[in-house]
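The primary structure of each chain is shown beneath.
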Amino acid sequence: MVLLTLPYTLKITGCAGEGVICAGEMLLEALSRLGFHGAAYREFPSSIEGGYCAVTIQISDKLSYLPVNNIDCLFVRYIAAVEKEIGHCRRGAVLIYDDSSQCSEDELLALLKKLKRSDIQLIAISLIESGNDPGSKKFYSSEILGVVGRFLSIPLSNLEYTVRNRFQYKNLSTLQRNCDMVSRGYQIQQGSHYSKLPLQDKKPFEYEILDGNEAVARAAVSVGCGFFSSYPITPSTGIGNFLARVLPARGAVSCQAEDEIAAIGAAIGASFAGVKSMTATSGPGLSLMQEFLGYASMVELPLVVVDVQRPGPSTGSPAQFAQEDLFAAVFGSHGETSRIVLAPDSIGNCFNLTIDAFNCSEYFQCPVIILSDSVLGLTKGIIPVPERQDVRIINRSVVSGECKETYGESTAGVSECKDIRGELNGEEFKRYSLETAVAPIPVPGYSSVSCRITGLEHDEYGNPTDSAEMRTLQQKRRMNKLNLIETMFPSLVEWDYCTDEIDFGLIAWGITVAAAGSVVERLRSDGFRIAALYPRLLFPVCLNAIKRLQSMTDHIIVVESNGHGQYARLLKMYADVKPHSILSQTGSPILSDTLYDSCVRIVKGCFENEML
Amino acid sequence: MRCSENKRSFSGKLKPTWCKGCTYFIFQKVLNGLLQRLNYDPLSTVFVSGIGCSSRISLYTSAFGMHTIHGRAIPVATGIRLSRSDVSVLVIAGDGDLFSIGAGHFVHAARKNIDITVFCLNNMTYAMTKNQSSPTSGFDHAGSFTPAGNQTLPLNTVEFAICCKSSFVARSTTFTPDHLEKTIIRALKHRGFSFVDIVAPCRTFNPEYFPSEKQISIVDVNETMQFDMKDYSSALQCASRCIFPSRESPAVLPVGTFFEA
Ligand code: SF4
């Protein structure tokens, strides 16, 4: 029996509708019960039925590991999948194939020979279909779970428990059939190839299995989001699905808008009404929202916009991955707007960063864009249940008073307002006072003064003005009010370094951080001295952190999944850094082995840019 | 929301920049007077508008005001209403704002019967950009983009609003402040999506509507036409015959309440 090393990556492939993704999610659940961390990344075609479908399970002993490693074990039912995935398989990887479908051993051997991959170890098994009623589509999930579970030597009782859990609400015969199938799969002989995962003896932690979209939605609920409106779009729809179920029971509102313009417009209306609000979309929707984003910056209302990125331009590739919306998030909409752009780098961080996004928007009174992506959004991860007491919540300053800071779960609602009419002495209230970075926001139905807001340039009272001098002062204030963000929210920048003496610095953002993290470890064990910087605050650029990295080295590598090197270019513009870019436009996240090779090439080849 | 204390004025401190004699002054006076008389609380009332001459009104009130972006007053108002059932939400916007760039939003707020009151200050032109044809301009209207005359029939706003399943639909005009006042009261009292088309010609760009050049005759459909305003098809049939300005008899302005669910 082979003892496997972690992280271990297993990929189950098949056709949409066969239960492949269900099998992967059940495997993740079974693993979580054994004390592992891990994630299941789902790939499916844009169509509902038919087409290539896969789930990648990353098994790890570390928190929030994302599927960015090469494949150790591949499960296939069709020979086409071998051709597609073999390039991502490690040397010596295991290939489990279903010889009852269209995979014959001879064909497979011939193919592997042609591809010069005779290193691959083969295991043949025969599935029987476990469709719930004959004639309907074939559904193999539980049987595949049995096969893969046996391969990893997961106890059958755990797998059976998982299946019962998953199918508990189905009818009895379906439940029974699936229980039979998991033990049938478990009993299929796999020759001498059985493996074993290293025992996890850590004390069990309270965990939940959430994908990035659900984590964002959960955080919105915890922070007291009272209004959510959105228009369905892949891959962000999961956020709306979650909130539509959860918000109404908490006295909050979830609303399906007629388009993305209406979605963000309604969120802005709710924010003016004193309620924390959010909208979620993907690239095409973000394009539609740009005018309103400019408005929210101008009238200075808190607002959170989630963009679950997918490759563009235009409709692009809805089911694939890219980090291409950074420029649109930072510069989209006319004029110069003050806004904040944040990017989560793990599923667990989708939760924390959404809390930060609300806090920043309440504190600085401006829109905050969360740049998630299709992989983060759709990957299920085992994450610790967020400790409610640890959630730091900032509520906007309403007339009159300071921002309110509390800890723990917040309920949706408006903060109390004090009567300030006496203090004003009959003078109009200065909603856009030049004496402070941000002034309190009057709330209809609560405040003792009203206010009128406009996208026209305005004076301190909010009245439209043609004065060039006032325009300059107000625009400066709106731009400068974000200066303190890096100091105020230190958790928005993550460092990984041991010494100030370094050979080079590595910067990654979003999900690319997962691959970068393991590459940095490997490079360090090769003897390189590296400082890694993982900014979650993408805009305004985290100048303090960048300057510090610059003081350590001239050689900075930026890794990201787009063609322009968007973050690298932001750094050139705002921090005068001349980084070396590693870019990828493959439609999936950069794998750690690929990134490792690329980093080594750059370091040895005197720092040239690299496009994967 | 009504206020408990004394009646409070809705007049704002800012002086409107409308042209002298603009019909919007009439609307503003009637609306502000009514809100005060009906004991609305300016601190619990929000005026939401888009962009255009009429939309400036949300800056000229003592209530809360949101002067938003072109065409999008209705979604913003929807967000306020859905998140706060305790404040009154009035949308005041122009014909281009509501029925050209923002037409898509009107349909859905009406369908969903969002409890807001929408006033269309219909001046039948894009006045702020100095006279281009709008969705409600008459056939042959000479706008600066259509100098040879606009060859499109105007949109019948009341017919459209009924088709979208608005639960209250009326038309009035700034020419008859008394009728306007009565209509606004009905619209404000109505629970659900209410729409009032207010024909308020632009003094600068459609001078033909003002005495003494060409008098228009105002006809109250509730007095002159036989129909059941509670019945969808009867109301729709009546509204469909009451387009303004019509090609055949451009001088006839049909006003009244067309539909009330
Ligand atoms: S241009 Fe017409 S609508 Fe605009 S303010 Fe002047 S009169 Fe009124």
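Keep in mind that what you see is a predicted model, and the values were worked out from it rather than measured.

### Thoughts on the interface of chain B and chain A
Counting residues at the interface gives 32 residues for chain B and 42 residues for chain A. Both faces considered, chain B and chain A share a buried interface measuring about 2,800 Å² in area, 66% of it formed by carbon and sulfur atoms. Broken down residue by residue, the surface that chain B buries against chain A is led by Phe64, Ile69 and Arg84 of chain B, which jointly contribute 21%. Across the contact surface, chain B and chain A share one salt bridge. Between Lys13 of chain B and Glu428 of chain A there is a salt bridge, with the nearest N and O atoms lying 3.2 Å from each other. If you look at where chain B meets chain A, you find 15 residue pairs in polar contact (both at pLDDT 80 or more). Breaking the side of chain B that touches chain A down by element, the ones donating at least two residues are strand E2 (64-67), helix H2 (73-83) and helix H4 (103-111) of chain B. Element by element, the count of residues in the side of chain B that touches chain A is highest for H2 of chain B, at six residues.

### Thoughts on the domain arrangement of chain A
Often the size quoted for an interface is simply the accessible area lost on bringing the parts together. Residue and element names in this part refer to chain A. Each domain of chain A was delimited in the assignment, giving domain 1 (2-203), domain 2 (209-390) and domain 3 (488-611). The C-alpha centroid of domain 2 is placed 33 Å from the C-alpha centroid of domain 1. At the interface, 17 residues of domain 1 touch 16 residues of domain 2. Taken over both partners, the interface formed by domain 1 and domain 2 buries close to 1,400 Å², and the fraction arising from carbon and sulfur atoms is 67%.

### Overview of the environment of Ala39 of chain A
With respect to the helices and strands, the residue Ala39 of chain A is situated in strand E3 (residues 37-43). Taking C-alpha positions, Ala39 of chain A is 8.5 Å from Ser60 of chain A, a pair spaced 21 residues apart along the chain.

### Thoughts on the pairing of strand E4 (residues 52-60) of chain A
Residues and elements named next belong to chain A. Of all nine residues in E4, eight are buried; the element is thus mostly enclosed. As paired elements, strand E2 (residues 8-15) and E4 share eight bridges and run antiparallel to each other. Note on E4: the bridge partner recorded for Cys15 is Tyr52. Examined bridge by bridge, E3 and E4 share seven bridges and lie antiparallel to one another. By the bridge assignment, Tyr41 is partnered in E4 with Thr56.

### Quick notes on the sheet that holds strand E5 (residues 71-76) of chain A
All names here are of chain A. Strands sit in the order E7-E6-E5-E2-E4-E3-E16-E9 across an open sheet of eight strands; the sheet is mixed. Each of the sheet's edge strands pairs with one partner strand only, and the pair in question is strand E7 (121-125) and strand E9 (207-211). Direction aside, neighbouring strands of the sheet carry axes that sit 20° apart on average. In the packing of helix H7 (residues 212-222) onto the sheet, the strands contacted are E9 and strand E16 (379-384), and the crossing angle to E9 comes to about 110°.

### With respect to empty space enclosed by the protein
This model, assessed by the stated rule, comprises three cavities of 30 Å³ or more. Lining the largest cavity are 13 residues, with Glu258 and Ala262 of chain A together with Pro75, Thr78 and Lys112 of chain B positioned closest to its centre. Elements that contribute at least two residues to the lining of the largest cavity include exactly helix H9 (260-272) of chain A together with H2 and H4 of chain B. For the lining of the largest cavity, the class distribution of residues is eight nonpolar, three polar and two charged. By volume, the second largest cavity amounts to about 50 Å³. Within the residue set of the lining of the second largest cavity, elements represented by two or more residues are E3 and helix H13 (374-378) of chain A. By residue class, the composition of the lining of the second largest cavity is six nonpolar, two polar and two charged. Among the domains, domain 1 (2-203) and domain 2 (209-390) of chain A are the pair contributing at least three residues each to the lining of the second largest cavity.

Conventions used here
Residues numbered from 1 in each chain as written. Chains lettered and ligands numbered in written order. Predicted model: local features only at pLDDT ≥ 70, side-chain atom pairs only at ≥ 80, totals over all residues. Heavy atoms only, no water. Contact = heavy atoms within 4.5 Å. Buried area = accessible area lost by both parts, 1.4 Å probe. Salt bridge = Lys/Arg side-chain N within 4 Å of Asp/Glu carboxyl O. Polar contact = N/O pair within 3.5 Å; in protein donor to acceptor, adjacent residues only side chain to side chain. Helix = DSSP H or I, 4+ residues; strand = E, 2+ residues; numbered from the N terminus. Domains from an automatic or database assignment. Buried < 20%, exposed > 50% of the residue type's maximum accessible area, 1.4 Å probe, protein only. Pairing = 2+ DSSP bridges. Axes fitted to C-alpha atoms, helices over the stretch in contact; angles between N-to-C directions. 1 Å grid on protein atoms, 1.4 Å probe; cavity = no way out; pocket = protein on both sides within 12 Å on 5 of 7 lines; lining within 4 Å. Points joined across faces, edges and corners; volume = space filled by probe spheres on them. Nonpolar A, V, L, I, M, F, W, Y, C, P; charged D, E, K, R; others polar.

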